[in-house]
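Okay, here's what each chain looks like letter by letter:
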Amino acid sequence: MWNRPRFDLKIRLTLRVAAVSALCFAAISAYFLIEADRSVHARIDGIADIAARTLELQQGKVQWINNPHAEFPDLDNVAASVMTPGLCLAFRARSGKTLQRFCGGVPSASDQPPRVFAAFYRSLFDPGREAVRPVTSRGTTIGEAVAWVDPGVLTAQAWHEAGRLTAALAIALPLLCLLVYAALARALRSTRLIRAGLERIAANDLTARLPPFDLAELSAVGDVFNHLAESLQTALAERSELTRKLIALQDEERRHLARELHDEFGQSLAAIRALAASARQTAVEDCPALLSECDGIARTAADMMERLRGALFRLRPPDVDELGLVASLEGLVTGWNGRSRGHTRFEIGFAGAFEHLPAAVSADLYRIVQEALTNVAKHAGATGVAVQLAMREAGATKTIELTVADDGRPGDASVKPGMGLLGMRERVAALGGRLTLDGRDDGTTLRVVIPADPGPSLEMASHDLALERAA
């Protein structure tokens, strides 16, 4: 799947503010250019009006004094009062011939704008447009007063104004971006707390809470986060309590099943062995040919009895609270070494003291190790299995780390997905820990980490277990 590049929120918002600011500057520049062009054309229109009226007055004076040799047209006075660089003022006769013309000086070549800007400006405006006003005398048009500004001068002035605006933009835009970025960094500083809270939630620390924020949006996020954390904490506590009750019910069912097997099936097997022994005595005297069948029945009954003892041992392990977790696990590993008959070597090691663990924690750890070893024996085909139980201390926090590592064949797993793994996960979840399964080519490692200090639900479970054993 194609991943889009990720940008920092502050940078993204700053870039958007910069883009909007640049568009605003462009709009302002366009407005100033349009207003400047409009102002110039209004000015030359006014100059053309003044020149036309002045020429009409001159023509009327010539006719009044009846002096055909008087100079006409005479734009000197008008030109002297309105002339600016690039401004041109002229009188054009009816024949189209220009009789008089005045033009102000134009800027030097060094003041000329770039050709690209000049072409762009001339495509948008009409800098060489003439302002034409008719000059009349006794109701007859005798010519035109014409005023215009040199296109190069207008383009140079526009370039000068645009340069000033560009310089202002070059100074103001970086400062604006810095101010916006600093303001956003300050406003979004609270997002670090939100991220830290989410990371704690992801690490199963449901006690994480966010403080109130000044911004309404972040405050709403914090309220939702705290409500979600409280809901998850409540749901997890209820799930753990339900899991504890289910595990307790499962253990009780196992004990009940163990009693039934011991009382019913065990007595039946003992009766079969007794009958087989009696039949053998009878066969010795009356029918020696039946001795082999009697011995076979006795061996089968003895084998079934041995298997029954193993099943009873798995269903109802020794009292961990009385023997202690270390002794119980050593006995469990010894039993597996005896049943494997040398095909698989089981080892166990301890690091730390486990004498003061709550009964519920010890019982669940025993069940987890028992289930893990059972799965190794059934599925891994391993030649060696190492169990390690360690007490870890990090400051005031104590954790129990359990690892079960085997050297099973490549592709085999010591724990198959099924009821065994599900049962272990339920027990670990009830203890408030985590379970990981690492499968490699040279074997599989099951790792369980749980807190050594029990919560209220585990203390209640230990109390219930002690009352049940006392009863």
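Since the model is a prediction, treat every value here as computed from it, not as a measurement.

Caption draft 1: Seen up close, the overall build of the protein chain. Summing up its helical and strand segments, the protein chain has 12 helices and nine strands in all. A separation of at least 24 residues holds for 66% of the contacts in the protein chain among residues at least 6 apart in sequence. For the protein chain, the accessible area works out to roughly 28,500 Å², and carbon and sulfur atoms hold 58% of it.

Caption draft 2: Layout of the pairing of strand S2 (residues 98-103). Where strand S1 (residues 87-93) and S2 come together, five bridges link them in antiparallel fashion. In the strand pairing of S2, Ala-90 is matched with Arg-101. Between the antiparallel neighbours S1 and S2 lie four residues, among them Gly-96 with a positive phi of about 95 degrees.

Caption draft 3: Up close: the state of the cysteines. Enumeration according to the criterion identifies one disulfide in this entry. Here Cys-88 pairs with Cys-103 through a disulfide, and the sulfurs are 2.2 Å apart. Between Cys-88 and Cys-103 the sulfur-sulfur dihedral comes to about 120 degrees; the bridge is accordingly right-handed. With Cys-88 in strand S1 and Cys-103 in strand S2, this pair connects stretches of sequence that are 15 residues apart. The exposure class of Cys-103 is partly exposed, given its relative accessible area of 39%.

Caption draft 4: Structural detail: the sheet that holds strand S8 (residues 434-440). Pairing within the open sheet is mixed, and its five strands lie in the order S5-S6-S7-S9-S8. Pairing within the sheet leaves two strands with one partner each, and these edge strands are strand S5 (345-351) and S8. Shown here is a sheet whose adjacent strand axes are inclined to one another by a mean of 15 degrees, direction ignored. Contacts from helix H10 (residues 359-380) reach S5, strand S6 (384-394), strand S7 (397-406) and strand S9 (443-451), with the element oriented near 15 degrees to S7.

Caption draft 5: Structural context of the nonpolar core. If you look at the biggest cluster of nonpolar residues, it comprises 34 residues, and the most contacted ones within it are Leu-325, Leu-357, Leu-373, Ile-400, Leu-402, Val-404 and Ile-450. The set of elements that each furnish at least two residues to this core consists of helix H9 (325-340), H10, S6, S7, helix H11 (419-430) and S9. Examining the composition of this core, we find that nine residues originate from one element, H10, more than from any other. Not counting residues up to four positions away in its chain, the partners in contact with Leu-373 are Leu-332, Val-333, Trp-336, Phe-346, Val-385, Val-387 and Val-404. Judged by nonpolar contacts, the second largest core, of 20 residues, contains Leu-55, Leu-75, Ala-147 and Val-149.

Caption draft 6: Summary view of helix H4 (residues 151-187). For H4, built from 37 residues, the straight-helix expectation of 54 Å at 1.5 Å per residue is met to within 8% by its first-to-last C-alpha distance of 51 Å. Inspection of H4 places Gly-152, Val-153, Leu-154, Thr-155, Ala-156, Ala-158, Ala-162, Leu-173, Cys-177, Val-180 and Leu-184 among the buried residues, and these make up the whole buried set. Its side-chain oxygen at 2.9 Å from the backbone nitrogen of Gly-152, Asp-150 defines the N-terminal cap of H4.

Caption draft 7: Structural view of the pattern of salt bridges. Under the criterion given, the structure shown has 12 salt bridges. One salt bridge in this structure joins Asp-45 and Arg-133, with 3.7 Å as the shortest N-O distance. In this pair, Asp-45 sits in helix H1 (residues 9-65) while Arg-133 sits in strand S3 (residues 131-137), placing the two residues 88 residues apart along the sequence. Among the residues examined, Arg-133 registers a relative accessible area of 24% and is labelled partly exposed.

Caption draft 8: Up close: the sheet that holds S3. Here four strands make up an open sheet; going across it, the order is S2-S1-S4-S3 and the pairing antiparallel. Across the chains shown, the open sheet's two edge strands, defined by having one partner strand only, are S2 and S3. When strand polarity is set aside, the average angle formed by the axes of neighbouring strands in this sheet is 15 degrees. Sheet analysis places S3 next to strand S4 (residues 140-149), joined by seven bridges and oriented antiparallel. Each bridged residue has a counterpart across the sheet, and for Val-132 the counterpart in S4 is Val-146.

Caption draft 9: The arrangement of the environment of Ala-382 in detail. Relative to the helices and strands, Ala-382 resides in the loop between H10 and S6. Put simply, Ala-382 and Ala-405 are 23 residues apart on the chain and 9.8 Å apart in space, counted from C-alpha to C-alpha. Once you skip the residues sitting within four places of it in the chain, Ala-382 turns out to touch His-343, Thr-344, Val-376, Asp-406, Asp-407 and Gly-408.

Caption draft 10: Expanded view of unusual backbone geometry. A positive phi angle, close to 55 degrees, is found at Arg-138, a residue other than glycine. Mapped onto the fold, Arg-138 is located in the loop between S3 and S4. The exposure class assigned to Arg-138 is exposed, which follows from its relative accessible area of 72%.

Quick notes on the rules
Position numbers for residues start from 1 in each chain and track the written sequence from start to end. Per-residue local features are limited, in this predicted model, to residues with pLDDT of at least 70; the limit for side-chain atom pairs, both in listing and counting, is 80 or more; totals at the level of whole chains, interfaces and linings are taken over all residues. Hydrogens and waters are ignored; side-chain quantities use all the structure's heavy atoms. Numbering of helices and strands runs from the N terminus, with a helix taken as a DSSP run of H or I at least four residues long and a strand as a DSSP run of E at least two residues long. We call two residues in contact when some of their heavy atoms are within 4.5 Å. Each accessible area is a Shrake-Rupley result for a 1.4 Å probe, and residues are judged covered by the shown protein chains and nothing else. Two strands pair if DSSP finds at least two bridges between them. Throughout, disulfides are identified as pairs of cysteine sulfur atoms within 2.5 Å of each other. Accessible area is worked out with a 1.4 Å probe on protein chains only. A residue is then buried under 20% of its type maximum, exposed over 50%, and partly exposed in between. Only the contacting stretch of a helix is used when fitting its axis, a line to C-alpha atoms as for every element, and angles between N-to-C directions run 0 to 180 degrees. Residues belong to a common nonpolar core when they are buried Ala, Val, Leu, Ile, Met, Phe, Trp, Tyr or Cys residues joined through side-chain atoms within 4.5 Å. A helix is expected to reach a length of 1.5 Å times the quantity of its residues less one. The definition of a polar contact used here is a pair of N or O atoms within 3.5 Å, where within protein one atom must be able to donate a hydrogen and the other to accept one, and adjacent residues in sequence count solely through side-chain atom pairs. Any carboxyl oxygen of Asp or Glu within 4 Å of a side-chain nitrogen of Lys or Arg constitutes a salt bridge here.

The values are spatial; any link to function lies outside them.
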